[in-house]
Amino acid sequence: MKKFLLNVFVFALFSACTSDKVTRYYLIRHAEKDRTNNTNKNPNLNSEGLLRAEKWAKHFEKIELDAVYSTDYNRTQQTAAPTAKSKGLIIQSYNSSKMYDSNFKKNTRGKTVLVVGHSNTTPVFVNNILDQKKYKNMADNDNASLYIVTIVNDKKSSEIKKIN
């Protein structure tokens with residue numbers, strides 16, 4: 001019996017060490033913002049944006065998320081909120097000038113994560129994860145692109161989907 005339990009333990013340990021570690025990032029730009037005041041640097045979402053934020057939550061309904069990250073702007077927080085709430089998660093803030101740093105890598109390794117950013121930060125974030133300049137900044141009216149980056153062990157792949 002001891003030999004059997006030892007074999008089970010060794011097998012379980014070996015399986016845990018050799019299994020593929022999958023990290024998946026879903027990256028989106030904030031939903032449509034209120035553009036009525038051009039001097040407002042931190043606008044809220046407009047009614048269309050609030051509706052899109054709910055649609056994002058519906059899109060992620062069947063996807064298990066371990067974390068939701070957002071910049072500290074109203075529009076990104078409001079975009080992330082319905083998804084985070086539906087998953088019972090707290091929105092974690094990130095600094096867009098320190099995207100995909102060693103702490104973020106360590107904290108998200110092996111997890112499935114939603115990251116909400118901006119037209120000029122979301123593609124840069126994806127490029128930082130991929131360690132290549134693959135994607136350009138998003139068009140200012142693009143609130144429907146979903147970037148998906150998958151890392152299996154050290155192999156990275158990415159795709160973009162339009163979610164309307």
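Draft legend 1. Seen up close, the nonpolar core. Counting 19 residues, the largest nonpolar core has Tyr-25, Leu-27, Phe-104, Val-115, Phe-125, Ile-129 and Val-149 as its most contacted members. Those elements that provide at least two residues to this core are β1 (22-29), β2 (67-70), β4 (112-117), α5 (122-130) and β5 (145-152). It is α5 that provides the largest number of residues to this core, a total of four residues. Beyond its immediate chain neighbours, meaning those up to four positions away, Phe-104 contacts Tyr-25, Tyr-69, Val-113, Val-115 and Phe-125. In terms of nonpolar packing, the next biggest core, distinct from the first, is built from 14 residues, Trp-56, Leu-65, Ala-84 and Leu-146 among them.

Draft legend 2. Looking closely at the confidence of the model for the chain. Considering every residue of the chain, the mean pLDDT works out to 91; 88% of them sit at 70 or more. Counting interchain partners and residues more than four positions distant, the pLDDT-below-50 stretch residues 3-8 has zero contacts. Low confidence marks residues 10-16, where pLDDT is under 50. Its contacts with residues over four positions away, or in another chain, come to zero contacts.

Draft legend 3. Molecular detail of helix α2 (residues 47-59). In this model α2 runs 19 Å from its N-terminal to its C-terminal C-alpha over 13 residues, within 8% of the 18 Å that 1.5 Å per residue would give. Taken residue by residue, α2 has Gly-49, Arg-52, Ala-53, Trp-56 and Ala-57 as its buried positions. The buried residues of α2 all sit within an arc of 150 degrees when viewed along its axis, so they share a single face. Exposed residues on α2 whose side chains face more than 90 degrees from its buried face are Ser-47, Leu-51 and Lys-58. Summarising the contacts, the buried residues of α2 are in contact with β1, α3 (74-87) and β5. Between a side-chain oxygen at the N-terminus of α2 and the backbone nitrogen of Glu-48 the separation is 3.0 Å; the capping residue is Asn-46.

Draft legend 4. A look at the pairing of strand β6 (residues 155-162). Relative to β6, β5 runs antiparallel, the two sharing eight bridges. Along β6, the bridge assignment pairs Val-149 with Ser-158. Adjacent in sequence and paired antiparallel, β5 and β6 are bridged by two residues, among which Asn-153 carries a positive phi angle near 55 degrees.

Rules used throughout
Within each chain, residues carry numbers counting from 1 in the order of the written sequence. Local features in this predicted model are restricted to residues whose pLDDT is 70 or higher, and side-chain atom pairs enter the listing and the counts only when it is 80 or higher, whereas totals over whole chains, interfaces and linings include all residues. Remark: hydrogens and water are excluded; side-chain values derive from all non-hydrogen atoms of the structure. In this description, a nonpolar core means a group of buried Ala, Val, Leu, Ile, Met, Phe, Trp, Tyr and Cys residues linked to one another through side-chain atoms lying within 4.5 Å. Think of it in three bands: residues with accessible area under 20% of the maximum for their type are buried, residues over 50% are exposed, and the middle band is partly exposed, with areas taken using a 1.4 Å probe on protein chains only. The helix count covers DSSP runs of H or I at least four residues long, the strand count covers runs of E at least two residues long, and both are numbered beginning at the N terminus. Contacts are residue-level and defined by heavy atoms, with any inter-residue pair within 4.5 Å sufficient. Known as pLDDT, the predictor's confidence for each residue is given on a scale from 0 to 100. One fewer than the residue count of a helix, multiplied by 1.5 Å, yields its expected span. Directions from the helix axis toward the C-beta atoms define the arc. Definition of a polar contact: a pair of N or O atoms within 3.5 Å, with one able to donate and the other able to accept a hydrogen when the atoms are protein atoms, and with sequence-neighbouring residues admitted only if both atoms are side-chain atoms. DSSP-based pairing: two strands are paired if at least 2 bridges between them are found.

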